[in-house]
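# Structural description and commentary
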Amino acid sequence: MKASDLAELVLLAAVWGASFLFLRWGAPAFGPMTLAGLRVLGAALFLLPILMHRQGLGELRGVWRQMMGLGLLTSAIPFVLFSYAALSITAGLSSILNATTPLWGALVAFVWLSQRLDAIRLLGLVIGFGGVVFLAWDQASFKPGGSGWAILACLAATLSYGMSASFTKRYLSGVSAMTQAAGSQLAAAVWLMPFALWFWPSQMPETRAWISVAGLALLCSGLAYILYFRLLQRVGPTNALAVTFLIPVFALLWGGLFLGEALTMHMLAGCAIVFLGTALVVGLIKRAQRGSTAAP
């Protein structure tokens, strides 16, 4: 990657890592449904004018049914679940669990699209999900006040992300990235805003909570989509997936700086196991080995 591409990759990871901080600030004030609804509505209002400028509304109208499915899988369901998880687990733990998205993506593609899983990827799946079990083993209490349901919510959210990747490949091949970004956020807003209004908080949230909404909508959804899809075009999907490994670094950093969240050796060990499994699944380790073998 060029230096400019690497800089954008790091910026994207920092922005997406901040989403877990904003969730921790916003979810208690707005509630999961309302926070997620405002997030996608703000992102749609940010992205649609850009799509209009690029004359993409005609393409969006032609695939609106598919967009309803994409919006549900890629934003509506996972945003609500991560907002719910933010009520009881740290930003760092949520971000580490979010790193399992490529594992679910490979598993869903195997079941849904019949994509072959070789021995290396199967090993990666076993290691990656073993890391999740290791992380949750002493924390997943399902008693009142426990974190078990929050951990399951994060895993269900990443499963939804994994399903959205196969859904996109099957039903939206050839549709421009900007149309997918704006259309998915608009569709997610259609799904969520009735519930967001129904669960609107009785007490007006404080300024920090509204800043969280703006950060989630404009930075973590609007700007992040533009950066991500631009990176996909410039460096390809495998290199762009490196952001998966950087997001928890920034989430842990922001959580420590602004929330006082502690980083434990147990979390570091679990994070390393998940990262190893993910690297095997997406082919980064295999590719690095081939590169080193070919070097003079």
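One can find the structure itself at the top, above this paragraph.
Quick notes on the rules
- Residues numbered from 1 in each chain as written.
- Predicted model: local features only at pLDDT ≥ 70, side-chain atom pairs only at ≥ 80, totals over all residues.
- Heavy atoms only, no water.
- Helix = DSSP H or I, 4+ residues; strand = E, 2+ residues; numbered from the N terminus.
- Expected span 1.5 Å × (residues − 1).
- Contact = heavy atoms within 4.5 Å.
- Polar contact = N/O pair within 3.5 Å; in protein donor to acceptor, adjacent residues only side chain to side chain.
- Axes fitted to C-alpha atoms, helices over the stretch in contact; angles between N-to-C directions.
- Parallel < 35°, antiparallel > 145°, perpendicular 65-115°, else oblique.
- Left-handed = near helix turned anticlockwise from the far one by under 90°.
- Salt bridge = Lys/Arg side-chain N within 4 Å of Asp/Glu carboxyl O.
- Buried < 20%, exposed > 50% of the residue type's maximum accessible area, 1.4 Å probe, protein only.
- Phe/Tyr/Trp six-rings, centres within 6.5 Å; stacked < 30°, edge-to-face > 60°.

## What about helix H2 (residues 32–53)?
With 22 residues, H2 extends 32 Å between its outermost C-alpha atoms, agreeing within 8% with the 32 Å of an ideal straight helix rising 1.5 Å per residue. A positive backbone phi angle near 60° is found at Gln-55, which sits one or two residues after H2.

## Observations regarding the environment of Glu-8
Looking at the element boundaries, Glu-8 is found in helix H1 (residues 3–30). Distance in space between the C-alpha atoms of Glu-8 and Leu-41 is 25 Å, their sequence separation being 33 residues. Excluding residues within four positions of it along the chain, Glu-8 makes contact with Leu-227, Arg-230, Leu-231 and Arg-234. Looking at Glu-8, its side chain comes within polar contact range of the side chain of Arg-234, at 3.4 Å.

## Focus on the packing of H1 against H2
The interhelical angle for the contact between H1 and H2, taken along N-to-C directions, is 125°, at an axis separation of 8 Å. By the angle between their directions, the pair H1 and H2 is classed as oblique. Of the two elements, H1 crosses H2, and the hand of that crossing is right-handed. Facing H1, whose interface residues are Ser-19, Leu-23, Gly-26, Ala-27 and Phe-30, H2 presents Pro-32, Thr-34, Leu-35, Leu-38 and Arg-39.

## Some points on the side chain of Ser-184
Relative to the helices and strands, Ser-184 resides in helix H9 (residues 177–198). Within the structure, Ser-184 has its side chain in polar contact with the backbone oxygen of Ala-181 (distance 2.9 Å).

## What about the environment of Ala-262?
Residue position: Ala-262 is located in the loop between helix H11 (243–259) and helix H12 (265–282). In this structure the C-alpha to C-alpha distance between Ala-262 and Leu-252, which are ten residues apart in sequence, comes to 8.6 Å.

## As for the pattern of salt bridges
Tallied over the full model, the rule gives five salt bridges. For Arg-234, the salt bridge is made with Glu-8, and the minimal N-O distance between the two is 3.4 Å. On the criterion of sequence distance, the pair formed by Arg-234 in helix H10 (residues 207–240) and Glu-8 in helix H1 is long-range, its members being 226 residues apart. Judged by relative accessible area, which is 45%, Arg-234 ranks as partly exposed. With a closest N to O distance of 3.3 Å, Glu-261 and Arg-24 form a salt bridge. Pair noted here: Glu-261 is in the loop between H11 and H12 and Arg-24 is in helix H1, with a separation of 237 residues, a long-range link.

## Remarks on the packing of aromatic side chains
Each aromatic ring pair is specified by the distance between its two centres and by the angle formed by the two planes. Per the stated rule, a full pass over the model turns up 16 aromatic pairs. Taking 6.3 Å as the distance between ring centres and 25° as the angle between the ring planes, the aromatic pair formed by Phe-82 and Tyr-161 counts as stacked. Taken together, the residues span a long stretch of sequence, with Phe-82 in helix H4 (residues 64–85) and Tyr-161 in helix H8 (residues 148–171) at a distance of 79 residues. The same class applies to Phe-82 and to Tyr-161, which are both buried. Counting every residue linked through ring pairs, the aromatic cluster contains Phe-22, Trp-25, Phe-250, Trp-254 and Phe-258.

Geometric descriptors of this kind do not, in isolation, establish any biological role.
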